[in-house]
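# Coordinates in review
Take a look at the letters that make up each chain.
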Amino acid sequence: NLFEKKMSFLFRKALGRIATPVSRRSIATTPAKRSGSDPLIGHVEQEANPGSNIPFNIQNRYKLAALMIFYFGSAFAAPFLVVRHQLLKKNS
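Residues numbered from 1 in each chain as written. Predicted model: local features only at pLDDT ≥ 70, side-chain atom pairs only at ≥ 80, totals over all residues. Heavy atoms only, no water.

Per an unreviewed UniProt entry, the protein is named Cytochrome c oxidase subunit 7C, mitochondrial, and its organism is Brachionus plicatilis. Among the UniProt annotations of the protein, the heading Sequence similarities (unreviewed entry) holds the following wording: "Belongs to the cytochrome c oxidase VIIc family." (UniProt positions renumbered as here; feature names shortened; annotations may be inferred.)

In structure tokens:
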């Protein structure tokens, strides 16, 4: 009987946590700082521009296309070059 009471208490407590909304603030519900500069957030005006947080320039579309072709092309070609190297090493 004591075991059943304890289990029903724990079950109600767990169900209460699931059914009730969380009242404490988490990092996702904290509003972002909109003005000034904060060392943890960074400079807000700089972050507002698209492409300001990547290490390459996206303004020149032809240069961006060439860089992407080189980047993805080299990753695609790597296994073929490794196999070619192994086959040439085996034949010599």
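This part covers helix α3 (residues 61–91). Here α3 is 31 residues long and its end C-alpha atoms lie 44 Å apart, about the 45 Å a rise of 1.5 Å per residue gives. At Ala78, α3 shows its largest kink, close to 35°, and the proline Pro79 lies no more than four residues downstream. (Helix = DSSP H or I, 4+ residues; strand = E, 2+ residues; numbered from the N terminus. Expected span 1.5 Å × (residues − 1). Bend = angle between axes of the 7 residues up to and from the residue.)

With that out of the way, let us pick up the UniProt feature "transmembrane region" (unreviewed entry) in the protein. Mapped onto this numbering, the UniProt entry gives "transmembrane region" (unreviewed entry) at residues 64–83. Taken end to end, residues 64–83 comprises 100% helix and 0% strand; its first and last C-alpha atoms sit 29 Å apart.

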